[in-house]
Amino acid sequence: MDVRRRPPKPSSSGSSLQHVQHDHHRHHHQQEKPSPQLVDRSPSPTPKASDALPLPLYLTNGIFFTLFFSVAYYLLHRWRDKIRTSTPLHVVTFSELAAIVSLIASFIYLLGFFGIDFVQSFISRASNDAWEVDDDDERQRFIIDEDRRHPGPCPAALDCALPSPISASPKLMDPLTDTPLSSEEDEELVKSVVAGQIPSYSLESKLGDCHRAASIRREAVQRITGRALSGLPLDGFDYDSILGQCCEMPVGFIQIPVGIAGPLLLNGCEYSVPMATTEGCLVASTNRGCKAIYACGGATSILLRDGMTRAPVVRFPTAKRAAELKFFLEDPLNFDTLAVVFNKSSRFARLQGIQCSIAGKNLYIRFSCSTGDAMGMNMVSKGVQNVLDFLQSDFPDMDVIGISGNFCSDKKPAAINWIEGRGKSVVCEAIITEEVVKKVLKTTVPALVELNMLKNLAGSAVAGALGGFNAHAANIVSAIFIATGQDPAQNIESSHCITMMEAVNDGKDLHISVTMPSIEVGTVGGGTQLASQSACLNLLGVKGANRDSPGSNARLLAAVVAGSVLAGELSLMSAIAAGQLVKSHMKYNRSSRDITKISS
């Protein structure tokens, strides 16, 4: 509520020129009027009357303050007397009715005078302080301080001259990409984001249109940095599908080509394997491996274990107390109780085991559980939190330092994942006949066996590899992960693989196997629900959750990953043994376009 009287209108006796100058000055003043939260409300030297009463503001406020508290005290006193005399509270006298009306009126005045500005200023401060968002994986909190962002272009972009500011016109144009903006309102929003008045992260909630928010944010980024994003696509993507779960503050999307390798004949079934990659020759090489496996009757995969892990770290005053909790958790008599507490957070989470490790007075507790068709990081984290809350009553001196203590271990190369496994542990094998080795792979069985021993086994050992006893398992894992909406960062442990080759059947045929102890995949949650990734999962027949057998879709996807790695290992090792690696990459991984013509 504006509590200041407007100045009286100027007298009509002035000249027309004075009227024009006054109107122009008033219009200019209104254009540069600061935002409501920045209006200076400091007291004026001369008392001004209020809109409520023809009195100075301090007298009006004092009257309403006094009225509010006095009638509130009167009503409370009267209601106390009624309670003592057992008089119904809804029976009111004329004086009580007048007091209630006065209370409401004074409350409305005080709320209008003080409350609105307070709420506006509070919202403004809160929106500029921080932004908290729950990520589907790890539930991490990211704090973004918009006030510290420099509103102008970065120093590195000063050499890029920007066109002159946009002039007001019916059709507004983007100064960097020379494309029309949708409306004047969008142009004002872009300017507000650039100036830091509107936080970039709040556009979706403010506008209610994710595509429009991405468009405005994109334009603001271009003006702030002085660099164009004309090559980054904006249209053609469902930004609503990623809101609050996949990506924050989008400005476009990346195009990654998806190729198909196969058919991969695995456990008697054929699979066309989608691979999203920008590396030439990768899909072709994997496809050749699939061809060789198919010609020999297919590959066989076996699931060894299925369990996602999370390992919190807790601290005690003494190492003795930490050891007491370790013994308690690893005692088989306590497992059933802990399993009930752990499993109550999900229909699919089922505690499988607990493994502890002590470092001084710090205890690392590695929980392992099944997670259905989900990759399961959030699921296991919830179960772990339930157990920690349960243990707090018996171990009140336990200090939970972190829900993850890296004993899990997630998105980092770790020996515990290589030895104990994490996610899906799979072994996949095939026997490739001598004829196929010669005709399809263009090499010999002895050459492959020798190369595998010297390269994948001895060479990796010399390098001190951790889970890297393979030729290029990460290549295939990453390509399938991106195509099917998995977490690309989990390629680190999911690519742990040892490739074994051995001559069989009197040395004529080749037995090849890959053992992958920590393939971390899911068919629900995260990026799997996006349209493109969902289509790739559907191509494999593992889209969504399996209602008949929960977890079977995710396990099948892990088997397909292992089978594809087997095909990729077979083909690349054959190319190296035959001396074809450089030749094939020069053919398939080199652009034939004339760069000089493109640049000109």
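Before any of the text, the structure's been laid out above.
Draft legend 1. The overall build of the protein chain, seen in detail. The number of helices and strands found in the protein chain is 19 helices and 11 strands. When contacts within the protein chain are restricted to residue pairs at least 6 apart in sequence, long-range pairs at least 24 apart make up 69% of them. Entry remark: accessible area of the protein chain is about 32,400 Å², with carbon and sulfur atoms responsible for 58%.

Draft legend 2. Here's a closer look at the nonpolar core. In this structure, M275, I432 and V565 are the most contacted members of the largest nonpolar core, which totals 54 residues. Considering every element that reaches this core, the biggest residue donor is helix α17 (residues 552–577), with 12 residues. Dropping the residues within four chain positions of it, M275 is found in contact with P257, V258, G259, A261, L282, V283, T286, I476, A479, I480 and A483.

Draft legend 3. Layout of the side chain of S346. Summarising the element assignment, S346 is placed in the loop between α9 (332–343) and β5 (350–359). Here the side chain of S346 touches A349 through a polar contact of 3.4 Å, landing on its backbone nitrogen.

Draft legend 4. Structural detail: a nonpolar patch on the surface. Taken together, L76, W79, I83 and L89 make up a surface patch of nonpolar side chains, about 410 Å² in accessible area. By secondary structure assignment, the location of I83 is in helix α2 (residues 57–85).

Draft legend 5. Examining unusual backbone geometry more closely. Cis peptide bonds are those with omega within 30 degrees of zero, and the linkage from G262 to P263 qualifies with 10 degrees. Relative to the assigned elements, P263 resides in strand β1 (residues 258–266). Residue S409 follows C408 across a cis peptide bond; omega there is 0 degrees. In this fold, S409 is placed in the loop between β7 (399–402) and α11 (415–420). Positioned with a positive phi, N406 is a non-glycine residue whose angle comes to about 70 degrees. Along the chain, N406 turns up in the loop between β7 and α11. Unlike most non-glycine residues, N505 shows phi in positive territory, near 55 degrees.

Draft legend 6. Representation of the packing of helix α4 (residues 184–195) against helix α6 (residues 210–225). It is the contact of α4 with α6, at a shortest axis distance of 9 Å, that shows an interaxial angle of 50 degrees. With respect to α6, the axis of α4 lies oblique. Handedness of the crossing formed by α4 with α6: right-handed. Judged by residue contacts, E185, D186, E187, L189, V190, K191, V193 and V194 of α4 engage R212, I216, E219, A220, R223 and I224 from α6. Taken together, the residues that form the contact of α4 with α6 break down as 7 nonpolar, no polar and 7 charged.

Draft legend 7. The arrangement of the packing of helix α7 (residues 282–295) against α17 in detail. The interhelical angle for the contact between α7 and α17, taken along N-to-C directions, is 100 degrees, at an axis separation of 7 Å. Classed by the angle they form, the pair α7 and α17 counts as roughly perpendicular. Residue-level inspection shows S285, T286, R288, G289, C290, A292 and I293 of α7 in contact with α17, the latter providing G563, S564, L566, A567, G568, L570, S571, L572, S574 and A575. By residue class, the composition of the contact of α7 with α17 is 8 nonpolar, 8 polar and 1 charged.

Draft legend 8. Looking closely at the pairing of β1. As judged from the 7 bridges shared by β1 and strand β2 (residues 269–276), these two strands associate in the antiparallel manner. Bridged to I260 within β2 is P274. From the end of β1 to the start of β2, which pair antiparallel, there are 2 residues, and N267 there has a positive phi angle of about 50 degrees.

Draft legend 9. Highlighting the packing of aromatic side chains. Inspection of the entire model under this criterion finds 8 aromatic pairs. Summarising the aromatic geometry, the rings of F237 and F253 are spaced 5.4 Å apart at their centres and angled 20 degrees between planes, so their arrangement reads as stacked. Linking F237 in the loop between α6 and β1 with F253 in the loop between α6 and β1, this pair joins segments that are 16 residues apart in sequence. Relative accessible area serves as the criterion here: at 18%, F253 is assigned to the buried category. Residues F328 and F395 carry aromatic rings whose centres are separated by 5.8 Å and whose planes lie at 65 degrees to one another, so their mutual orientation is edge-to-face. Of this pair, F328 sits in helix α8 (residues 319–330) while F395 sits in the loop between α10 (377–394) and β7, and the two are 67 residues apart along the sequence. Classification of F328 by relative accessible area gives partly exposed; the value is 23%. Taken together, the aromatic side chains of F68, F69 and F107 make up a single cluster linked through ring pairs.

Draft legend 10. Fine view of α4. An ideal rise of 1.5 Å per residue puts 16 Å on 12 residues; α4 measures up with 17 Å between its terminal C-alpha atoms. For α4, the set of buried residues is D186, E187, L189, V190, S192, V193 and V194. Tucked into the core, α4 has its buried residues touching α5 (203–207) and α6. Once α4 finishes, G196 follows within two positions and takes phi at roughly 85 degrees, a positive value.

Draft legend 11. Local environment of the environment of K508. Residue position: K508 is located in the loop between β10 (497–504) and β11 (509–519). Sequence separation of K508 and E434 is 74 residues, and the distance between their C-alpha atoms is 5.5 Å. Setting aside its immediate chain neighbours within four residues, K508 contacts E434 and V445.

Draft legend 12. Focus on the pattern of salt bridges. Within this structure, the stated rule accounts for 19 salt bridges. A salt bridge links E96 to R78; its shortest N-O distance comes to 2.8 Å. Of this pair, E96 sits in helix α3 (residues 94–129) while R78 is found in helix α2, placing the two residues 18 residues apart along the sequence. Take R78: its relative accessible area is 26%, and that puts it in the partly exposed class.

Draft legend 13. Spatial organisation of α6. The first and last C-alpha atoms of α6 sit 22 Å apart over 16 residues, in line with the 22 Å expected at 1.5 Å per residue. If you check which residues of α6 are buried, you get C210, A213, A214, I216, R217, R218, E219, A220, Q222, R223 and I224. The residue sitting at the N-terminus of α6 and contributing the capping side-chain oxygen is D209; that oxygen lies 3.2 Å from the backbone nitrogen of H211. The first or second residue beyond α6 is G226, which carries a positive phi of 75 degrees.

Draft legend 14. Region of interest: the side chain of N452. Its place among the elements puts N452 in helix α13 (residues 445–462). Using a relative accessible area of 1% as the deciding quantity, one classes N452 as buried. A distance of 3.2 Å separates the side chain of N452 from the backbone oxygen of T499, its partner in a polar contact. Filtering out sequence-adjacent residues up to four positions away, N452 remains in contact with L457, T499, M500, M501 and M573.

Draft legend 15. Quick peek at the environment of T371. Here T371 shows up in the loop between β6 (362–370) and α10. Under the relative-accessibility criterion, T371 is labelled buried at 3%. Along the primary structure T371 and D306 are separated by 65 residues, whereas in three dimensions their C-alpha atoms are 8.5 Å apart. Residues within four places of T371 in sequence aside, it is in contact with M308, F348, G376 and M379. Side-chain polar atoms of T371 contact the backbone oxygen of A374, separated by 2.9 Å.

Conventions we followed
Residues numbered from 1 in each chain as written. Predicted model: local features only at pLDDT ≥ 70, side-chain atom pairs only at ≥ 80, totals over all residues. Heavy atoms only, no water. Helix = DSSP H or I, 4+ residues; strand = E, 2+ residues; numbered from the N terminus. Contact = heavy atoms within 4.5 Å. Areas by Shrake-Rupley, 256 points an atom, 1.4 Å probe, with all protein chains shown as cover. Core = buried A, V, L, I, M, F, W, Y, C linked by side-chain atoms within 4.5 Å. Buried < 20%, exposed > 50% of the residue type's maximum accessible area, 1.4 Å probe, protein only. Polar contact = N/O pair within 3.5 Å; in protein donor to acceptor, adjacent residues only side chain to side chain. Patch = residues over 30% accessible without salt bridge, like charges linked within 9 Å, V, L, I, M, F, W, Y side chains within 5 Å. Salt bridge = Lys/Arg side-chain N within 4 Å of Asp/Glu carboxyl O. Axes fitted to C-alpha atoms, helices over the stretch in contact; angles between N-to-C directions. Parallel < 35°, antiparallel > 145°, perpendicular 65-115°, else oblique. Left-handed = near helix turned anticlockwise from the far one by under 90°. Nonpolar A, V, L, I, M, F, W, Y, C, P; charged D, E, K, R; others polar. Pairing = 2+ DSSP bridges. Phe/Tyr/Trp six-rings, centres within 6.5 Å; stacked < 30°, edge-to-face > 60°. Expected span 1.5 Å × (residues − 1).

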